Structures are given as structure tokens and as C-alpha cells.
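Each chain, letter by letter, is given below.
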Amino acid sequence: MDQPSEILAVSAADVRTAAERLKGRAIVTPLLDYPLVSERLGFRLLIKAETLQVTGSFKFRGASNRLLAAKAADPRLRAVVAFSSGNHAQGVAAAAKLLGLKATIVMPSDAPAIKVANTKGYGAEVVLYQRHSEDREAIARAIADREGGLIVPPYDDPFIIAGQGTAGLEITTQIKALGAALDLVIAPCSGGGLVGGVATAVKDVFPQTAIYAAEPAGYDDLNRSLAAGERIANKPTAPSICDALMAEKPGVLTFPIHRKLLAGSKVVSDDAVLDAMSFAQRHLKLVVEPGGAAGLAAVLALRTELKDKTAVVICSGGNADPEMIKRAADRGDPLL
């Protein structure tokens, strides 16, 4: 049986250290309040808008923290390699550019065109692979061995997790400034770096707050892993529109954090995600990509359970192709 270590890879102190590194680099994204929308929903909805982060997603936080730490440890570092469906790719490419590092990103051939274009726009070299027949990590290792580059994983790294956790640290400060309760925080989950880091920071300040992950149907490996008490991989299935949330299984480092700190994981359908994207466009005035809208889809489904409570939803990314944005908008208003 795959029994993860209970010694957690990241502490709240690590998150605070990451926040110091990221000052002046990552954006302190707003915690948006929508009183009229909340009144209609029956609970207070607060949105942590990581769609407004550098590169349009939270991934810039972890990538920057990892590269800043690596560069400080080895000033001779010249190149980095990453594998990603898009948002981590952009985060690494942007962070590498700021530090004068060469970046090579291994991306699936079916990644959204906007994510591939943006990654190249930050100066990175993009190497495409076939998602279902090639091993992206093996490709990345070969490139790193050839070029002497540092591999920057998307989630299973202490510096990555701590960097993502800075979003949670900001939430704790922003909630205090609002004088609001904090009943629930929910974040989209693939490998689990974001929700693991956020849980680490939030639970340190608000230990009674329930932290949930949100996963797409068919790729709910964390939900099943939490139930089994061990890491369970996804079975081959039809792709989800949540291209950013299709990791094979929870991370070796992230899963122990999930087991200790999360209240659970909510599973959402592609239809629910499209409705959440439509809701965000119409009522929150935000463009949210499918994976970034998974948490919002989950809380909209929990409306009756959240009555009179306060829920913070992390909208983790906004890098959606125009066709997907239109597809969501054409669904109409989910509140009607």
C-alpha cells in the first residue's frame, strides 16, 4: 500500500518566507466582494481573483519562488525545464525571463492555443508531446540532462507549494481587514500544490476553516485517494474541458498535506464548470478558464449548505481560448 509520510513538506513559516521572496514580483490579488450576488445566493461569496495574477494564473507564485530560491542557492544557474499543459508553463517562462534564465517547456499538443502562444511570448522554447502516448517527464529529463537545466515540477516541490500558499496567506490578511468570518475556502486541484499551500497558510491562522479541493469528474483522483487513504491514479477516460486539472494522481508531497488539512474534495462536471464560467462573466465580471472555475462550480452546487456562511473561492486562472469563453457565455444565466 502506498502510505505517504505524515511529515509535511511545507510549513506556514515556509509560506511566509515565500511571501517575502515574492514581494514586488507577484501581485497581491484582490479578494472581491459581491454583496448583491451574495444576497441572491444566500451566502457571502468572496473571490480570490488569481485570474489577475502575472501570467493570468496563480502558477507564477510557485514558479517564481522556486526559481528565486534556486538562483540564490546556485548563482551559476542558467537554464530551467518544465512540463505543463499551460499555466505552469507560462509561470515558469515569465519567472525565468525576469531572472535572465533560458526556459524550455514541454507542453501537450492539445494545450489551449492561447497558453502555448503566451508561453512562447515570454521567451520560452516550447517542445510539444502527445499527452496519451508520450512521457512528458522523461522528455523534460532528457532536455535537462542535455542542457544542464533545473527541472521545475508543476506541484511536487516544497518551494512550489509554499509559493502557491502565498495566495492563502493573502486571504487571511484580507479576511481580517473585512472583519468577515471564514467558513470555507475552496480551490481547484490537479496535483494539489495550490490547495495544499493555501490550506497550510489558512489553517495556521483560522484552524476551524474548512478547506476543500475541487476536481473535474473523471479526474477526481484526490477525492478517491482521500477515501482510500492512499494515492489512487485516474483511469483513462474522456478528456475534461478543465485541461489544467488533469494530473494522473495526487503528488507524493502534496497528498500528506491534503490528508491532514483538507475537509474533502468536491467533484464537478464539465457542464457545471461551463455554468460557473458563465456566472463569472455575467455576475463577477471575470473571465475564468475551465480549470480555474472548478471551485466556483462547486460552491454554486452547495448553495443550500452554505446558507448564511462565508465562502472564499479561488478562481485560479483566466487563460481561456475565445471559443471556450463564447461556449460558456452561450449557456445563459445560471442564476435564472
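The numbering scheme is per chain: residues are counted from 1 as the chain's sequence reads. Only residues with pLDDT of at least 70 get local features here, since the model is predicted, and only at 80 or more are side-chain atom pairs given and counted; chain-wide, interface and lining totals rely on the full set of residues. Processing note: side-chain calculations cover all non-hydrogen atoms of the structure and skip hydrogens and water entirely.

Asks: Sorry if this is basic, but what is going on with the sheet that holds strand β5 (residues 125–129) here?
Replies: One key point about sheets: their strands pair by backbone hydrogen bonds, in either a parallel or an antiparallel sense. Pairing between two strands is assigned when DSSP locates at least 2 bridges connecting them. To qualify as a helix, a DSSP run of H or I must reach at least 4 residues; to qualify as a strand, a run of E must reach at least 2; elements of each kind are numbered from the N terminus. Spatial ordering of the open sheet is given by β5-β4-β3-β6, a layout of four strands whose pairing is parallel. On the outer flanks of this sheet lie β5 and β6 (150–151), each paired with one strand and no other. Note: strand β3 (residues 79–83) against strand β4 (residues 102–108), five bridges, orientation parallel. Bridging across to β4, F83 finds its partner in V106. The contact criterion used throughout is that any non-hydrogen atoms of two residues lie within 4.5 Å. With axes taken as lines fitted to C-alpha atoms, and helix axes fitted only over the stretch in contact, angles between N-to-C directions fall between 0 and 180 degrees. The strands touched by helix α5 (residues 113–121) are β4 and β5; relative to β4, the strand with the most contacts, the crossing angle is about 170°. The strands touched by helix α6 (residues 136–147) are β3, β4, β5 and β6; relative to β4, the strand with the most contacts, the crossing angle is about 160°.

Asks: Would you mind showing me how to read the sheet that holds strand β10 (residues 310–315) here?
Replies: Reading across from one edge, β1-β2-β10-β7-β8-β9 is the order of the six strands in this open sheet, with mixed pairing throughout. The sheet is open, and its two borders are formed by β1 (31–33) and β9 (264–268), each paired with just one other strand. Taken over all neighbouring pairs, the strand axes of this sheet differ in orientation by 25° on average, direction set aside. As paired strands, strand β7 (residues 184–188) and β10 are joined by three bridges and run parallel to one another. Looking at the pairing, L184 lines up with A311 of β10.

Asks: Honestly, the side chain of D243 in this entry has me stumped. Any pointers?
Replies: Checked against the element boundaries, D243 lands in the loop between α9 (221–228) and α10 (254–261). Discounting residues that sit within four places of it in the chain, D243 has contacts with S85, P112, K115 and R131.

Asks: When you look at the nonpolar core in this model, what are you seeing that I'm missing?
Replies: Within soluble globular proteins, side chains that are nonpolar tend to cluster in buried spots. Only buried Ala, Val, Leu, Ile, Met, Phe, Trp, Tyr and Cys residues count toward a nonpolar core, and they belong to the same one when joined by side-chain atoms within 4.5 Å. Summary of the burial criterion: residues with accessible area below 20% of their type's maximum are buried, those above 50% are exposed, and those between are partly exposed, where the area comes from a 1.4 Å probe applied to protein chains only. In terms of nonpolar packing, the biggest core is built from 39 residues, with L45, I47, F279, L284, L296 and V299 touching the most fellow members. Secondary-structure elements contributing two or more residues to this core are α2 (35–41), β2 (44–49), β7, β8 (210–216), α11 (270–284), α12 (294–301), β10 and α13 (322–329). In terms of residues, this core owes the most to one element, α11, which gives seven residues. Setting aside its immediate chain neighbours within four residues, L284 contacts Y34, L45, I47, F279 and L296. The next biggest cluster of nonpolar side chains, apart from the first, holds 31 residues, and it includes V15, F58, I175 and V202.

Asks: Quick question: what am I supposed to make of the packing of helix α8 (residues 193–205) against α10 here?
Replies: Two numbers describe a pair of packed helices, the interaxial angle and the distance between the axes. Close contact between α8 and α10 brings their axes to 9 Å; oriented N to C, the two are set at 45°. Here α10 runs oblique to α8, going by the angle between their axes. The two elements α8 and α10 meet at a crossing, and its hand is left-handed. Across the interface between the two elements, G193, V195, G196, A199, T200 and K203 from α8 touch T254, I257, H258 and L261 from α10. Of the residues contributing to the contact of α8 with α10, the split by class is four nonpolar, five polar and one charged. Roughly parallel here means an angle under 35 degrees, roughly antiparallel means over 145, roughly perpendicular means 65 to 115, and every remaining angle is called oblique. Left-handed describes a crossing in which the near helix is turned anticlockwise from the far one by less than a right angle; the clockwise case is right-handed. Following the grouping adopted for this structure description, the nonpolar residues are Ala, Val, Leu, Ile, Met, Phe, Trp, Tyr, Cys and Pro, the charged ones are Asp, Glu, Lys and Arg, and the polar ones are all others, Gly among them.

Asks: Would you take a moment to explain the pattern of salt bridges for this structure?
Replies: Side chains that differ in charge, positive against negative, can pair when their charged atoms come close. A pairing counts as a salt bridge when a side-chain nitrogen of Lys or Arg comes within 4 Å of a carboxyl oxygen of Asp or Glu. For the structure shown, the criterion picks out 16 salt bridges. Of the charged contacts, one joins E170 and K48 as a salt bridge, the two residues approaching to 2.7 Å between their closest N and O atoms. One end of the pair, E170, is in helix α7 (residues 158–178); the other, K48, is in strand β2, and 122 residues separate them in sequence. Like K48, E170 is buried. We note a salt bridge from K115 to E289, for which the minimum N-O separation is 2.6 Å. Taken together, the residues K115 in helix α5 and E289 in the loop between α11 and α12 connect sequence positions 174 residues apart.

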